[in-house]
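Structural overview
Single-letter residue listing:
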Amino acid sequence: MKVLVVIDGLGTGGAERSLAELVPFLKARGFELAIAYFRYRRPGVEDVLRKEQVHLRRIGGRTWITRCIRLRREI
């Protein structure tokens, strides 16, 4: 099963850390994961996710509408 996770950014917050901890568990059970995020943040969990070979896709844009259109294309 393919899963696209959409998250605001890959910083150091609780949601980001929880996601990074869930990735190995989900991959071990056969899920194909991709993560779309809007904001680039350092430090964060990006390196951990790259080590897990998760497809990361930054969705850029100046306005919320632009980001929504680009996210729709990614889906």
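Refer to the structure above for everything that follows.
Residues numbered from 1 in each chain as written. Predicted model: local features only at pLDDT ≥ 70, side-chain atom pairs only at ≥ 80, totals over all residues. Heavy atoms only, no water.

1. Regarding the pattern of salt bridges
Pairing between side chains becomes possible if they bear opposite charge and their charged atoms approach one another. Under the convention used in this document: Salt bridges are defined by distance alone: a side-chain nitrogen of Lys or Arg within 4 Å of a carboxyl oxygen of Asp or Glu. A simple rule labels every residue: compare its accessible area, found with a 1.4 Å probe on the protein chains alone, to the largest value its type can have, and call it buried under 20%, exposed over 50%, or partly exposed in between. Helix and strand assignments come from DSSP, with helices taken as H or I runs of at least 4 residues and strands as E runs of at least 2, each series counted from the N terminus.
A full pass over the atoms with the stated rule returns five salt bridges. For Asp 47, the salt bridge is made with Arg 42, and the minimal N-O distance between the two is 3.3 Å. In this structure Asp 47 comes out as partly exposed when scored by relative accessible area, which is 42%. In this structure Arg 42 comes out as partly exposed when scored by relative accessible area, which is 44%. A salt bridge links Arg 57 to Glu 74; its shortest N-O distance comes to 2.9 Å. Taken as a pair, Arg 57 in strand E3 (residues 55-58) and Glu 74 in helix H3 (residues 64-74) lie far apart in primary sequence, 17 residues in all. Through salt bridges with shared partners, a single network forms among Asp 8, Arg 39 and Arg 41.

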